[in-house]
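# Fold and contact review
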Amino acid sequence: NGQSYRWQRVLLKVSGEALAGDQMQNIDPKVTMAIAREVATVTRLGIEVAIVVGGGNIFRGSSWAGCSGLDRSSADYIGMLATVMNAIFLQATMESIGIPTRVQTAFRMSEVAEPYIRRRAVRHLEKGRVVIFAAGTGNPFFTTDTAAALRCAEINAQVVLKATNVDGVYDDDPRCNPNARLLEDLTYQEVTSKDLSVMDMTAITLCQENNIPVVVFNLSKPGNIAKAIKGEKVGTLIGG
Ligand code: UDP
């Protein structure tokens, strides 16, 4: 069982951007397979894993709103549907290597996936299944980071593990400034006051109000996902 590890139940947030890898395609199957393999190793240790997937690799509502008369809500619904595509891809990959996985959507698509039912999600986790939450919060004007914080609080997961393409949170943009320093520990206060672009304000505030620590780490480094889930030191830890 997961007793000897730091976390017993985690909420892994995988952004759409991370799923795209360095390919020109929307989804890089090497990335989904790497996620599946590492999640498989930790579920075997008894750690319960829930996943929230983003959709930015396919469609981001905010950047399309306004185009050709597309209002923000409609654009956001398309964005939420994009997350469902990613979720099904990830589920299929996980099941191809034998990890029982359920997708739950924030709005009904009953022929494709289960609707989100909190108690049912928890039951799946207790049975060792991975649960992928799709369609964000189900509401326009929100993000999948907020969905991650919300679902984490709802299912009593202990941490939000935010998988990105950078090693963690830096004091400056590491792509522009070679002297940018990786910050290993941050408070919520530091994140919001220094405007460190970790998550949107709604998401980070929800974490803060519910004392949910957030780990920001690089998913493209082999072994990092498993490390983060097992609670080993990786990336940036935000808390306190
Ligand atoms: N979205 C939304 N409500 C939510 C979550 C997501 O409307 O609760 C929409 C929004 O348009 C967003 C898109 O879905 O741009 C994809 O999600 P997000 O940008 O959070 O994905 P990520 O950045 O993680 O790839």
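Residues numbered from 1 in each chain as written. Predicted model: local features only at pLDDT ≥ 70, side-chain atom pairs only at ≥ 80, totals over all residues.

In plain terms, the rule: UniProt positions are given in the numbering used here, feature names are shortened, and annotations may be inferred rather than shown by experiment.
An unreviewed UniProt entry lists the chain under the name UMP kinase, from Salix dunnii. Looking at the Pathway (unreviewed entry) heading of the UniProt record, one finds this comment for the chain: "Pyrimidine metabolism; CTP biosynthesis via de novo pathway; UDP from UMP (UMPK route): step 1/1."

### A closer look at the overall build of the chain
So the rule is basically this: In this description a helix means any DSSP run of H or I spanning at least four residues, a strand means any run of E spanning at least two, and both kinds are numbered starting from the N terminus. Two things to know: the radius of gyration comes from C-alpha atoms, and the globule rule equals 2.2 Å times the number of residues to the power 0.38. Note on contacts: each residue gets a C-beta atom placed from the backbone, and two residues are in contact if those atoms are within 7 Å.
From N to C terminus, the chain includes nine helices and 11 strands. Over its C-alpha atoms the chain spans a radius of gyration of 17 Å, differing by no more than 12% from the 18 Å that the globule rule assigns to 240 residues. Overall size of the chain, expressed as C-alpha extent along the three principal axes, is 55 × 50 × 35 Å. Considering only intrachain contacts with a sequence separation of at least 6, the fraction spanning at least 24 residues in the chain is 70%.

### Let's talk about the site of the ligand
Just so we agree on the cut-off: Each residue gets a C-beta atom placed from its backbone. If that atom is within 6 Å of a molecule or strand, the residue is near it.
In the vicinity of the ligand there are 25 residues, among which G54, G56, G61, G79 and G136 approach most closely. Those elements that place two or more of their residues in the shell around the ligand are helix 1 (16–20), helix 3 (61–64), helix 4 (72–96) and helix 6 (144–154). Here the shell around the ligand gets six residues from one element, more than from any other, and that element is helix 4.

### What about the confidence of the model for the chain?
Close inspection of predicted coordinates is inappropriate for parts of the model with low pLDDT. The condition that has to hold: The quantity known as pLDDT measures the predictor's confidence residue by residue, on a range of 0 to 100.
Per-residue confidence for the chain gives a mean pLDDT of 95, with 99% of residues at or over 70. Scored by ipTM, the complex comes to 0.98, with pTM at 0.96.

### With respect to the sheet that holds strand 3 (residues 101–105)
Filter applied, for reference: Pairing between strands is defined by DSSP: at least two bridges between them are needed.
Read across the sheet, nine strands follow the order 4-3-5-2-1-6-10-11-9 without closing on themselves; strand pairing throughout is mixed. Both outer strands of the open sheet, strand 4 (114–115) and strand 9 (185–187), are each paired with one neighbouring strand and no more. By the bridge criterion, five bridges tie strand 3 to strand 5 (residues 130–134) in an arrangement that is parallel. What sits directly across from Q104, in strand 5, is F133.

### With respect to the UniProt feature "domain: Aspartate/glutamate/uridylate kinase" (unreviewed entry) in the chain
UniProt records the feature "domain: Aspartate/glutamate/uridylate kinase" (unreviewed entry) for residues 9–218 in the present numbering. A helix fraction of 40% and a strand fraction of 20% characterise residues 9–218, whose end C-alpha atoms lie 20 Å from each other.

### Overview of unusual backbone geometry
Under the convention used in this document: Put simply, a residue is buried when 20 or more other C-beta atoms lie within 10 Å of its own C-beta and exposed when 12 or fewer do; between those, it is partly exposed, and each C-beta is set from the backbone.
For F141, which is not glycine, the phi dihedral falls at a positive 75°. Looking at F141, the number of C-beta atoms within 10 Å reads 12, which means it is exposed. Of note, N156 is a non-glycine position whose phi angle comes to about 55°, a positive value. By the secondary structure assignment, N156 is in the loop between helix 6 and strand 6 (160–164).

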